[in-house]
Amino acid sequence: MRDVTTAQPLDVQPTPLALLLLGREADPRSERGVECPGDLPSPSDPDLVERARVAKEKLGDKVFVLGHHYQRDEVIQFADVTGDSFKLARDAAARPEAEYIVFCGVHFMAESADILTTDAQAVVLPDLAAGCSMADMATAEQVEECWDVLTDAGVADQVVPVSYMNSSADIKAFTGRHGGTICTSSNAKRALEWAFEQGEKILFLPDQHLGRNTAVRDMGMSLTDCVVYNPHKPNGGLSAEQLRNAKMILWRGHCSVHGRFSVESVEDVRARIPGVNVLVHPECKHEVVAAADYVGSTEYIIKALEAAPRGSKWAIGTELNLVRRLANRFASEDKEIVFLDKTVCFCSTMNRIDLPHLVWTLESLADGKLVNRIEVDPETEKYAKLALERMLALP
């Protein structure tokens with residue numbers, strides 16, 4: 001038996017990613033590991049709402065506040081527009097007179113807004129630590145390594161990358177450089193159809209579930225047409241033969257909120273609420289999407305509930321802030337709207353944008369101090385914008 005008292009310690013060095021997870025390093029190119037400077041007002045300050053109102057009124061047309069659907073109500077009340085990530089980025093681009101774009105969302109969304117707005121506008125994220133776990137699952141270095149694996153397998157010239165909007169500017173730029181396009185959960189099918197006109201295979205990142213659901217559910221492919229590339233395994237855990245046979249090479253990434261829903265959640269809510277309609281986001285697992293009655297983007301979910309008949313019952317598989325807001329909105333129409341899972345689940349990074357951070361941001365801007373600006377470097381912006389423009393040109 002090995003004598004553990006005299007054994008030499010192993011010379012193991014933590015990886016950069018591990019250090020970020022431990023909070024011991026900071027990387028401005030990462031969605032996580034970034035501190036927010038400045039003294040925030042206390043969350044118990046009873047005057048926060050009034051302070052935000054006064055600062056926003058002082059700024060007038062100089063500021064344009066964007067609020068993602070998954071934000072807290074306390075933040076949404078100050079948004080000039082609400083929407084999903086791409087809609088908000090386009091709304092920002094349509095307001096060139098606004099000097100400051102305050103994006104109440106997460107880091108990759110603010111990056112997209114910076115790419116689509118003018119150089120004269122400053123995009124501000126109230127908390128720089130508001131990242132996205134899904135976007136974190138694909139780094140520029142990992143994706144470049146993946147492309148080397150595809151090249152070694154002799155298939156890179158057949159592959160067209162399609163990246164979900166929920167990705168970093170670096171990943172969007174990679175996509176643009178390699179002839180690919182961006183997609184949203186609303187136009188993923190059109191994006192895949194376009195990509196298959198350009199090549200024989202698609203590298204879809206970073207969300208495996210949206211890629212699989214679109215390919216199988218919407219385009220009639222089989223599950224065997226899809227393989228999952230795991231960046232933490234040698235060669236992605238795939239053989240050259242698997243890569244040659246695949247039509248869809250799915251990045252091993254997922255949304256921490258939508259990935260928690262299960263078939264058991266669907267079965268349980270059907271047992272508890274007879275006649276319920278199950279409506280889920282396409283970032284959910286394939287088996288959950290297959291078990292649901294309706295599947296669609298955040299905007300689709302909102303429109304479906306707007307059009308739903310009085311007295312109908314709905315279980316929604318998406319972020320809780322939005323579900324609760326919709327339940328309150330349609331309560332007067334006797335529409336019963338519940339969260340699909342029994343366990344409450346907010347998007348933890350979205351919820352980093354709270355009223356104290358918003359107040360600090362608006363008051364700083366009102367005092368002439370630019371804080372937490374999100375800037376994409378020119379080279380990255382050039383190719384990321386190219387990929388976004390390809391999406392905008394989709395029929």
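Refer to the structure above for everything that follows.
Residues numbered from 1 in each chain as written. Predicted model: local features only at pLDDT ≥ 70, side-chain atom pairs only at ≥ 80, totals over all residues. Heavy atoms only, no water.

(A) How the structure looks around the packing of helix H8 (residues 169–177) against helix H17 (residues 378–392). Close contact between H8 and H17 brings their axes to 7 Å; oriented N to C, the two are set at 70°. When the axes of H8 and H17 are compared, the pair comes out roughly perpendicular. Handedness of the crossing formed by H8 with H17: left-handed. Residues Ala 169, Asp 170, Lys 172, Ala 173, Thr 175, Gly 176 and Arg 177 of H8 touch H17, and the partners they reach there are Thr 380, Tyr 383, Ala 384, Leu 386, Ala 387, Leu 388 and Arg 390. Tallied by class, the residues present in the contact of H8 with H17 amount to seven nonpolar, three polar and four charged. (Axes fitted to C-alpha atoms, helices over the stretch in contact; angles between N-to-C directions. Helix = DSSP H or I, 4+ residues; strand = E, 2+ residues; numbered from the N terminus. Parallel < 35°, antiparallel > 145°, perpendicular 65-115°, else oblique. Left-handed = near helix turned anticlockwise from the far one by under 90°. Contact = heavy atoms within 4.5 Å. Nonpolar A, V, L, I, M, F, W, Y, C, P; charged D, E, K, R; others polar.)

(B) Spatial organisation of the environment of Ala 156. As for its placement among the helices and strands, Ala 156 is situated in the loop between helix H7 (140–152) and strand S5 (159–164). Classification of Ala 156 by relative accessible area gives buried; the value is 13%. The spacing of Ala 156 and Arg 244 is 88 residues in sequence and 9.8 Å in space, taken between C-alpha atoms. (Buried < 20%, exposed > 50% of the residue type's maximum accessible area, 1.4 Å probe, protein only.)

(C) View of the pairing of strand S12 (residues 313–317). With respect to burial, S12 is a largely interior element, four of its five residues being buried. With four bridges joining them, strand S10 (residues 277–280) and S12 adopt parallel strand pairing. Residue pairing across strands places Asn 277 opposite Trp 314, the latter belonging to S12. Looking at chain direction, S12 and strand S13 (residues 336–339) are connected through four bridges and run parallel. Each residue of the ladder has a partner; that of Trp 314, found in S13, is Ile 337. Since S12 and S13 lie parallel, the crossover through helix H15 (residues 320–329) that links them has a hand, and here it is right-handed. (Pairing = 2+ DSSP bridges. Right-handed = clockwise from strand over helix to strand, strands pointing away.)

(D) Structural view of the state of the cysteines. Inspection of every chain in the model, using the stated rule, returns zero disulfides. Unpaired in this structure, Cys 183 has its nearest cysteine sulfur neighbour in Cys 132, at a distance of 14 Å. (Disulfide = S-S within 2.5 Å.)

(E) Representation of empty space enclosed by the protein in the model. Tallied over the full model, the rule gives one cavity of 30 Å³ or more. Space inside the largest cavity adds up to approximately 300 Å³. Contributing to the lining of the largest cavity are 27 residues, with His 68, Tyr 70, Met 109, Asn 166 and Glu 283 lying nearest its centre. Among the elements of the structure, helix H4 (85–93), helix H5 (107–116) and helix H6 (133–136) are those that each provide at least two residues to the lining of the largest cavity. Its residues assigned to classes, the lining of the largest cavity comprises 13 nonpolar, 12 polar and two charged. (1 Å grid on protein atoms, 1.4 Å probe; cavity = no way out; pocket = protein on both sides within 12 Å on 5 of 7 lines; lining within 4 Å. Points joined across faces, edges and corners; volume = space filled by probe spheres on them.)

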